[in-house]
2 protein chains.
Amino acid sequence: MSDTRRVLGLFFNPKSVAIIGASETPGKIGRVILENFAKKYKGAIYPVNPKYDEILGFKAYKSVREIPEKVDLAVIIVRAQLVPGIMDDLGAKGIRAAIIVSGGFSEIGEEGAILESQVREKALKYGIRVIGPNGLGIYNAETGVDTFFLPEERMKRPPPGRIALISQSGALAAAVLDWAAFKGIGISKVVSYGNKIDIDDVDLLEYFEHDDDIDIILFYVEGFKPSRGRKFIEITRRVVAKKSIIMVKGGKTPAGAMAATSHTAALAGTYEVLRAALRKAGVVEVESIDELFDASKCLLSYRELKGDRVAVITNAGGMGVLATDALYKKGFKIPRLSNELQSKLREKLPFHCVTVNPIDLTGDTDDERYRIVFEDILASAEIDAVVVIALFQIPTLTLRLADYIIEAKQKFGKPIIAVSFGGVFTAEFAKRLEKAGIPVYESPEKAARALRVLREYAFLKKRIH
Amino acid sequence: MSDTRRVLGLFFNPKSVAIIGASETPGKIGRVILENFAKKYKGAIYPVNPKYDEILGFKAYKSVREIPEKVDLAVIIVRAQLVPGIMDDLGAKGIRAAIIVSGGFSEIGEEGAILESQVREKALKYGIRVIGPNGLGIYNAETGVDTFFLPEERMKRPPPGRIALISQSGALAAAVLDWAAFKGIGISKVVSYGNKIDIDDVDLLEYFEHDDDIDIILFYVEGFKPSRGRKFIEITRRVVAKKSIIMVKGGKTPAGAMAATSHTAALAGTYEVLRAALRKAGVVEVESIDELFDASKCLLSYRELKGDRVAVITNAGGMGVLATDALYKKGFKIPRLSNELQSKLREKLPFHCVTVNPIDLTGDTDDERYRIVFEDILASAEIDAVVVIALFQIPTLTLRLADYIIEAKQKFGKPIIAVSFGGVFTAEFAKRLEKAGIPVYESPEKAARALRVLREYAFLKKRIH
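Conventions we followed
- Going along each chain's sequence as written, the residues are numbered from 1 onward.
- Labels are handed out in written order, letters beginning with A for the chains and numbers beginning with 1 for the ligands.
- Confidence filtering applies because this is a predicted model: local features only for residues at pLDDT of at least 70, side-chain atom pairs given and counted only at 80 or more, and all residues used for totals across whole chains, interfaces and linings.
- In computing side-chain values, all of the structure's heavy atoms are included and hydrogens and water are not.
- Each helix is a run of H or I in the DSSP string that is no shorter than four residues. Each strand is a run of E no shorter than two, and both are numbered from the N terminus.
- The contact definition used throughout considers only heavy atoms, calling two residues in contact when any of these lie within 4.5 Å.
- The term buried area means the drop in 1.4 Å probe accessible area that two parts suffer when joined, counted for both and summed.
- Salt bridges are identified by distance alone: a Lys or Arg side-chain nitrogen within 4 Å of an Asp or Glu carboxyl oxygen.
- Put simply, two rings from Phe, Tyr or Trp (the six-membered ring, in Trp's case) pair if the centres are within 6.5 Å, and we call them stacked under 30 degrees between planes, edge-to-face over 60, tilted for the rest.
- A 1.4 Å probe rolled over the protein chains alone gives each residue an accessible area, and that area as a share of the maximum for its type sets the label: buried under 20%, exposed over 50%, partly exposed in between.
- Distance and angle both matter: a charge sits over a ring if NZ of Lys or CZ of Arg is within 6 Å of the ring centre and within 35 degrees of the ring normal.
- Two strands are said to pair when DSSP picks up at least two bridges between them.
- What counts as an axis is a line fitted to C-alpha atoms, over the stretch in contact for a helix, and the angles between N-to-C directions run from 0 to 180 degrees.
- Crossover handedness is defined by viewing with both strands directed away from the observer: a clockwise path from the first strand over the helix to the second marks the crossover as right-handed.
- Superposing copies: least-squares fit, C-alpha atoms only, residues required to have pLDDT of at least 70 in both.
- A helix is expected to span 1.5 Å multiplied by its residue count minus one.
- The directions from the helix axis to the C-beta atoms form the arc being described.
- By convention a nonpolar core is built from buried Ala, Val, Leu, Ile, Met, Phe, Trp, Tyr and Cys residues, the set being connected through side-chain atoms within 4.5 Å.

1. So, unusual backbone geometry
All names here are of chain A. The amide bond that connects Asn 357 to the next residue, Pro 358, takes the cis arrangement and shows omega of 5 degrees. Considering the arrangement of structural elements, one finds Pro 358 in the loop between helix 12 (339-348) and strand 15 (359-360). For Lys 196, which is not glycine, the phi torsion reads 55 degrees and is therefore positive. Along the chain, the position of Lys 196 falls in the loop between strand 10 (189-192) and helix 6 (201-209).

Dropping the structure here:
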C-alpha cells in the first residue's frame, strides 16, 4: 500500500480526531464540526481550545501536545495566522493527517499566500499530509467524519451510498449533499479540498481505487495542475476497470473560463489539452450537476452496454416519438424490428399495437402486454437495451408492471431504463423500480442522456482494457 | 365574432352538456366522465343511455332528442359503429358542438376510416363542429368541462392557471395534467383532439387569441396539415402580440419522424418547410416537455427582455462558473462590469467579494450584500437581466433574501430569475419567490434555457410588431 493511501485512510477512517478550534458558542464553525462528529463518529474525539476544560461533554485540551492518546486526524478551524504554529504542534505530536478548514490563505491575496506557503513548508518538514485550506474538508457517510461546517437544519446529510464526489467548489458540494439527502440519494464520501496545497485529485483517486464502498467517482473541476496530468491519467486508466469516473468541467466556454479564473484561479485553457487525454483515459464528461446524478443512477445499475441498438416500449405514442428523437440525438439506433420478431409480437398482441420500434402498446394496454414484449425483445439479438415508457394515468396499468420490469432485468441482464412522468401514482411506481435497481427518469431526454453515459463508459473501458 | 370562435365557446364554456354513453358501471369511461362533470361543472348535465332512467342521481335520457332543454355540447363515448347514428340525433336536436371521445376510427384501419368519413359527412350536413374522435377531448380548469376519462386517483387535476396546452398525444396531455397538479402548476385549458377530423390547431389558436384566461399557449405536435399552414401562421402572428406560443415538435430526427408516422401518420417532412415560417410567425420552439414548462414559468413573469447582457450574482463560485457557461451557450453575454460600476460595488462590499461578473459574494455572504448589488446592477444600463444564485446551505442567508429579490423585481422591472439547489430550506425559499412571480430553477442550465425562450419570444414579437 502506498504511503498516500495509508495516510488517506487516516483522513477517511481515523481512530481518533483532534478538533482544533472546537467551540461551545452556538453557530460557530468549531461548534458545528464538533457536533457533527459527536453525532455519528465512533472514534475518540479530542476538542482542542485553550479557553475550555470541557466542550459539550468532551474533555478539552490546550494543545494537541497534551492529548495522551495517539491522534490520527487533526481538523483545524482556527484563524489563518495561528495555523503555522498549530502545524508545529501537530509535528510534535506526530499527527500525519490534517484537514485545514480555515480560510484566509492564498484566496485573499498576498498576505494569505505567505501564510499558505508557511503551512506548506511545515507540512513538508513534519511529513503531515493536508486537505485544504479553505475547503469544507471531508464528509464520510460511513464513519461519520464530517467537517462540513453547515448545521443540519441547513444542510441535511444523505445516507451512505456508493458514490464519491470530489468538488473544487465547497458550496457546490454542500448543496449537492443537501439535495442528495432531500432526494434520498446515497453518498459514500465527499471531498472539498479548497486551495489544495497538498492532497489533490490524483491522491484521492488513488485512494478511491481501492475503496470497496465506492463504485462511482464524480468530479466537479475548474482546472487541473498540468504537472499532475500524466499521473491523473495513469491512475484513471486503472480505476475505470472497476469504477466509473464522471466529470463536470466548469469554465468550458470563454465566458465561463474567465469566471473560473476569478473563482479558483484555474487555468481553464490547459484543460483543452487534457480533454482528449481524459476521455482516452476513460473519464466520461457530462454537462451539468444533475446529469452527473442522473448518469450515476444508471451506472449504479449497469456496467455494460453491448451495442447501441435500443428498443422503446411505450403506452403513449407521443412519448415514444420524443424518446426516439432523444435517443437518436445521443447517437443511438432505434432499429426497425425484424419481420420475424414483429410477427412473433403480433401473434400475442392486439392488432392495433405498433410493433415496428417504438413498440406502441397504446393507451389501453395492461401490464401483460409489456411482459410479452420484454420476453421477445430482450431475448432477441437485435436489441442491446430497452427504454420502457409507462404513463400511469391509464387505469389499466398496475404496479405489477414494476415487477415485470424487475423480472426482465434479472432474467435477461440487458439494461432496462424506465421513463415515467406524472404525479402520486407515478412516484409509487418509480420508487418500486428504483429500489430494485431500475433507473427511472422523468423525461425521455434524461433517460437518453443517462444511457449515453453508460454507453460511453462501457466503450471507453473496453477500449482501455 | 367568427362562427368558429362562437362554437368553441360552446365547447369550453357550455351552459348544458349531454353525455352520450354515460354509465353507472364503475371504471367505465362513461362513468368517469359523468363523475368529472358532476364534480365541478355548474351547467346542466344530461346523461344519455337507453339502459337507464337515472345515473348517479341525474335523470337519464334514451336519446338527446328527448332532452327538453337546449344542449350546448355533446360528449360522445359510445362505440364507433354507433357514432354516425348519434350524429343524426345531434342534428335533429340542433346541437352544434360534439367531443367524440370514442376510438375505433381511422387509427384502426380501413373499416374505422369508413366510419370516420361517415361522421365527417354528417357533421358537415348538420353543421356540427367536432373535437376528436379518438382524443381525450377538453379539460377546462375554470368551468369544469372535463372529458379526460382518467379517474382522479390516476390523473390529478391541476388548479386554474394561465397556460393552455394543445397536444397531438392524448396520453402525453394526461401525464402533463397529472404532473402539473403534482407540482402545483396552474393550467387553464388542455385539448387532445385525437384524429382531428374538424377542429384543429388553427381553430383553437383563433379561440385562445381572445381568451383572457390564457397568456401562454403550449403545443405538442408531430405534424401539420400543409393546407392549414398559411392560416396557422397568419393567426400566430396576431396572437404573439399578446400571448406566447411555445412548441415541442415530436419527430424532428429521422428516427423520430419514422416513429411519428406510426403514431399519428403525421408527415414530419413538411415540418421542415414550415419551421422557419413558424419562427418568423413568432412561435418559440423548445426541445422537451419539461423545457415547455420551465419556459412558461419565466414567460408568466416576464414578457420583455431588452437585450442579452446578463449579470450573475452568486454565493457559490462554482455555480457562478456553471451559470456563465450555460448562459454563454444560449447566446447571452455575461459582460465584465465597467470599472465605474465595480468601484461602486467595491465601496460597499467586503474586499474578498468578486465584482467582475459573475459577482461572487462568497460563502460568508448575508442577505444584505445581495440587496446592495441588486440596487446598483439593476439601476445600471449595463445589464438587461439578472440570474441570482443563492445556495441556502450557508447559515448566514435568511428567507429575507427572497423579499429583497421581490423588491428588486418590483422596483427595477428587469427580469430576475433565481437558481437554488438543495433541500428543505431551499424549497421554502423557492416557494416564497415563486408566489411573488420570480421563477426559480434547480440548475443554472435550466435557468439559462428559460431565459433563452424569453429572449426569443421578446425578439420575435418585436420583429413582427
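2. With respect to the interface of chain A and chain B
Note: interface size is frequently given as the accessible area lost on complex formation between the parts. Counting residues at the interface gives 70 residues for chain A and 70 residues for chain B. Note on chain A versus chain B: buried area summed over both sides is about 5,200 Å², and carbon and sulfur give 69% of it. Considering only the side of chain A, the residues that lose the most area to chain B are Arg154(A), Gln393(A) and Phe421(A), jointly responsible for 14% of the buried surface there. Summed over the shared surface of chain A and chain B, the number is 2 salt bridges. The salt bridge partner of Glu287(B) is Lys329(A), with a shortest N-O separation of 2.7 Å.

3. Considering the packing of aromatic side chains
All told, the structure shown has 22 aromatic pairs over all chains when counted by the stated rule. A centroid spacing of 5.8 Å and a plane angle of 75 degrees characterise the contact between Tyr46(A) and Tyr61(A), whose relative ring orientation is edge-to-face. Of the two residues, Tyr46(A) sits in strand 2 (residues 44-48) while Tyr61(A) sits in the loop between strand 4 (58-59) and strand 5 (73-76), which places them 15 residues apart along the sequence. Of the two residues, Tyr46(A) and Tyr61(A), both sit in the buried class. Three or more aromatic residues joined by ring pairs make a cluster, and in this case those are Phe12(A), Tyr207(A) and Phe208(A). Positioned over the ring face of Phe332(A) is Arg455(A), at 4.4 Å from the centre of the ring. Sitting over the face of the ring of Tyr404(B), Arg371(B) holds its NZ or CZ atom 5.9 Å from the ring centroid.

4. A short note on the pattern of salt bridges
If you walk through the whole model with that rule in mind, you get 80 salt bridges over all chains. Between Arg309(A) and Asp384(A) there is a salt bridge; the shortest N-O distance is 2.9 Å. Of this pair, Arg309(A) sits in the loop between helix 10 (289-301) and strand 14 (310-314) while Asp384(A) sits in the loop between helix 13 (367-379) and strand 16 (385-389), and the two are 75 residues apart along the sequence. Asp384(A) gets classed as buried once you look at its relative accessible area, which sits at 9%. A salt bridge links Glu152(B) to Lys39(B), with the nearest nitrogen and oxygen atoms 3.6 Å apart. Taken together, the positions of Glu152(B) in the loop between strand 8 (137-140) and strand 9 (163-167) and Lys39(B) in helix 2 (residues 29-40) put the pair 113 residues apart, joining distant regions of the chain. Accessibility expressed as a relative area gives 55% for Lys39(B), which makes it exposed.

5. Details of the sheet that holds strand 2 of chain A
Residue and element names in this part refer to chain A. The sheet built from 5 strands is open, its strands ordered 2-1-5-6-7 with parallel pairing. Each of the sheet's edge strands pairs with one partner strand only, and the pair in question is strand 2 and strand 7 (129-131). With direction set aside, neighbouring strand axes in the sheet form an average angle of 20 degrees. Relative to strand 5, strand 1 (residues 16-20) is paired through 4 bridges, and the arrangement is parallel. Considered in strand 5, the bridge of Val 17 is made with Leu 73.

6. Here's the deal with the sheet that holds strand 12 (residues 244-249) of chain A
All names here are of chain A. A sheet is described by the order of its strands in space; here 6 strands give the open sequence 8-10-9-11-12-13, paired in mixed fashion. Each of the sheet's edge strands pairs with one partner strand only, and the pair in question is strand 8 (137-140) and strand 13 (284-286). Averaged over neighbouring strand pairs, the angle between their axes works out to 15 degrees when direction is ignored. Strand direction decides the pairing type here: strand 9 (residues 163-167) and strand 11 (residues 216-221), joined by 5 bridges, are parallel.

7. Considering the environment of Gly320(B)
All names here are of chain B. Position of Gly 320 relative to the elements: it lies in helix 11 (residues 317-329). Each C-alpha atom, one on Gly 320 and one on Ala 175, is 34 Å from the other, the two residues being 145 residues apart in sequence. For Gly 320, the contacting residues outside a window of four places in its chain are Val 312, Thr 314, Pro 358 and Ile 389.

8. A look at the pairing of strand 6 (residues 97-100) of chain B
All names here are of chain B. Here strand 6 shows two buried faces, one formed by Ala 97 and Ile 99 and the other by Ala 98 and Ile 100. Note that strand 5 (residues 73-76) and strand 6 share 4 bridges and pair parallel. Across the sheet, residue Val 75 finds its bridge partner in strand 6, namely Ile 99. This β-α-β element, strand 5 to helix 3 (residues 83-93) to strand 6, shows right-handed connectivity. Here strand 6 pairs with strand 7 (residues 129-131) via 3 bridges, running parallel.

9. Re the relation of the copies chain A and chain B
In the superposition of chain A on chain B (RMSD 0.1 Å, axial shift 0.0 Å), the rotation amounts to 180 degrees. This pairing of chains is accounted for by a two-fold axis. Distance from the rotation axis, computed per C-alpha, reaches its smallest value in chain A at Lys446(A): 6.6 Å. Comparing interface residues between copies, 100% of those in chain A also lie at the interface in chain B; the contact surface is shared.

10. Thoughts on helix 15 (residues 424-435) of chain B
Since the α-helix turns once every 3.6 residues, residues separated by three or four places project in the same direction. Helix length check: helix 15 of chain B, at 12 residues, gives a terminal C-alpha distance of 17 Å against a target of 16 Å (1.5 Å per residue), a fit within 8%. Within helix 15 of chain B the residues assigned to the buried category are Thr426(B), Phe429(B), Ala430(B) and Leu433(B). Projected down its long axis, helix 15 of chain B shows its buried positions confined to an angular sector of 95 degrees, all on one face. The exposed residues of helix 15 of chain B that point more than 90 degrees off its buried face are Lys431(B) and Lys435(B). The inward-facing, buried residues of helix 15 of chain B contact helix 5 (170-183) of chain A together with helix 14 (400-412), strand 17 (416-419) and strand 18 (440-441) of chain B. Directly after helix 15 of chain B, the chain includes Gly437(B), whose backbone phi takes a positive value near 80 degrees.

11. Notes on the nonpolar core
Nonpolar side chains in soluble globular proteins generally cluster together in the buried interior. If you look at the biggest cluster of nonpolar residues, it comprises 300 residues, and the most contacted ones within it are Phe11(A) and Phe11(B). Of the residues forming this core, the biggest block, 10 residues, is contributed by helix 16 (residues 444-464) of chain A.

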